[in-house]
Amino acid sequence: MSIVLAILSRNLRLFFRDRMNVFFSLLSGLILFFLYTLFLARLQVDGLATTLPGATEAQIAAFVDSWMLSGIVLLTTVTSGIGALSTLVDDRASGRFADFLVAPIRRTHLVLGYLVSAIVVSIIMSSVILVLTVVYLGTVREVWLGPEAIAAGVGVMILCCAAFTALAAFGASFLRTAGAYSAFATVLGTILGFIAGAYIPVGSLPGPVASTINALPFAQGAMLLRRPFTHDTLDAVTGGNATAAESLRTFYGIDLYVGSAMVPVWLAVAVLAAVAVGFTALSAGRIRALLR
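Residues numbered from 1 in each chain as written. Predicted model: local features only at pLDDT ≥ 70, side-chain atom pairs only at ≥ 80, totals over all residues. Heavy atoms only, no water.

Q: It is not clear to me how the nonpolar core should be interpreted in this structure. Could you clarify?
A: A general feature of soluble globular proteins is that nonpolar side chains tend to end up buried together. Counting 83 residues, the largest nonpolar core has Leu-48, Phe-63, Phe-164, Val-237 and Leu-248 as the members making the most contacts within it. The leading source of residues in this core is helix 4 (residues 57–84), at 14 residues. Setting aside chain neighbours within four positions, we find Leu-48 in contact with Ile-60, Phe-63, Val-64, Leu-248 and Tyr-252. (Core = buried A, V, L, I, M, F, W, Y, C linked by side-chain atoms within 4.5 Å. Buried < 20%, exposed > 50% of the residue type's maximum accessible area, 1.4 Å probe, protein only. Helix = DSSP H or I, 4+ residues; strand = E, 2+ residues; numbered from the N terminus. Contact = heavy atoms within 4.5 Å.)

Q: I keep staring at a nonpolar patch on the surface and nothing clicks. Help me out?
A: Taken together, the side chains of Met-20, Phe-23, Phe-24, Leu-30, Ile-31, Phe-34, Leu-35, Leu-38 and Phe-39 present a nonpolar region at the surface, about 880 Å² in accessible area. Put simply, the parts of the chain that give the nonpolar patch at least two residues each are helix 2 (19–25) and helix 3 (27–51). At 6 residues, helix 3 tops the list of elements feeding residues into the nonpolar patch. Locating Leu-35 in the fold gives a position in helix 3. (Patch = residues over 30% accessible without salt bridge, like charges linked within 9 Å, V, L, I, M, F, W, Y side chains within 5 Å. Areas by Shrake-Rupley, 256 points an atom, 1.4 Å probe, with all protein chains shown as cover. Salt bridge = Lys/Arg side-chain N within 4 Å of Asp/Glu carboxyl O.)

Q: Is there a simple way to explain unusual backbone geometry in this structure?
A: The phi dihedral of Glu-142 falls on the positive side, at around 60°, and the residue is not glycine. Within the fold, Glu-142 resides in the loop between helix 7 (107–140) and helix 8 (147–172). You can call Glu-142 exposed: its relative accessible area is 69%.

Q: For this particular structure, what's the right way to read the packing of aromatic side chains?
A: Describing an aromatic ring pair means giving the distance of the ring centres and the angle of the ring planes. With the rule as written, the count across this model stands at 7 aromatic pairs. Look at Phe-63 and Tyr-252: their rings are 5.2 Å apart centre to centre, the planes differ by 90°, and that puts the pair in the edge-to-face class. With a gap of 189 residues between them, Phe-63 in helix 4 and Tyr-252 in the loop between helix 12 (242–251) and strand 1 (257–258) connect regions that are remote in the sequence. Across this residue pair, the class does not change: Phe-63 and Tyr-252 are buried. For the ring pair Trp-67 and Tyr-252, a centre distance of 5.2 Å and an interplane angle of 75° mean the geometry is edge-to-face. Of the two residues, Trp-67 sits in helix 4 while Tyr-252 sits in the loop between helix 12 and strand 1, which places them 185 residues apart along the sequence. Chaining the aromatic ring pairs together yields one cluster made of Phe-63, Trp-67, Phe-251 and Tyr-252. (Phe/Tyr/Trp six-rings, centres within 6.5 Å; stacked < 30°, edge-to-face > 60°.)

Q: Would you mind showing me how to read the state of the cysteines here?
A: Linking two cysteines covalently through their sulfur atoms gives a disulfide. Evaluated as defined, the whole model comprises 0 disulfides. Of the cysteine sulfurs around Cys-160, a residue in no disulfide, the closest is that of Cys-161, at 7.1 Å. What makes Cys-161 buried here is its relative accessible area of 0%. (Disulfide = S-S within 2.5 Å.)

Q: Can you walk me through the side chain of Thr-76 in this structure?
A: Its place among the elements puts Thr-76 in helix 4. Residue classification places Thr-76 among the buried positions, given a relative accessible area of 2%. Polar side-chain contacts of Thr-76 include one of 2.8 Å to the backbone oxygen of Ile-72. With near-sequence residues (within four places) excluded, Thr-76 lies in contact with Leu-26, Gly-81, Ser-122, Met-125, Ser-126 and Ile-129. (Polar contact = N/O pair within 3.5 Å; in protein donor to acceptor, adjacent residues only side chain to side chain.)

Below, the structure written as structure tokens:
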């Protein structure tokens, strides 16, 4: 265990020492935030104002902000894990794996060190963004999430960090150079906002496209995060109107549908848990193969 902790500590120091790597791991979330504040916020608020004439602009803005900020947290759970895994690719490209092979280190410990450190980085960075989003909603929109909502958000965030970091580790195990990994991270970070339904509401997409996106674990993780974030603001903006609330929940991806079938919460949690366990095993096998 001491060897695993030593490798974990080494990888954490390498990640946080590289400030540009830390920045780029947050870039997708920053892009979404600026796109929203500069272009998308006004469109969403104006659109809802015509369909919800009984809601005030402040209530509508609070709801849209809570929806958007949950998407930023989701993006960070993915991109921060990808950034942390750059250490794995750098070690492979630079030949450091050969040094590890001649050292008295078990391959299992080395694999655990890489995977656990990446998940820890993802949790740390995502926690920072989660705190900032909670503070932003409270100070700017005067909507403070309750303890239960925060606890639910933290639980979903940790599950997403484990699932998406394991998935990214599997992809990274096939890349041999830092340049290839950088391109992989850039492409994934660019399209992830659309895949998770974070840039635009999933309800504005054609039915088949929306169903495809909703079947992916990224959208399901976003759904689980949106629920505690938007619980109070959705009630406020709809004034308790069940029909209006159901329509907004579907349009903004708070409830997901694949075809006509609704994705229940337990299934979304099970999918993310399966991704975490399955791809941890697959990526561990791939990394062990690289160390031979």
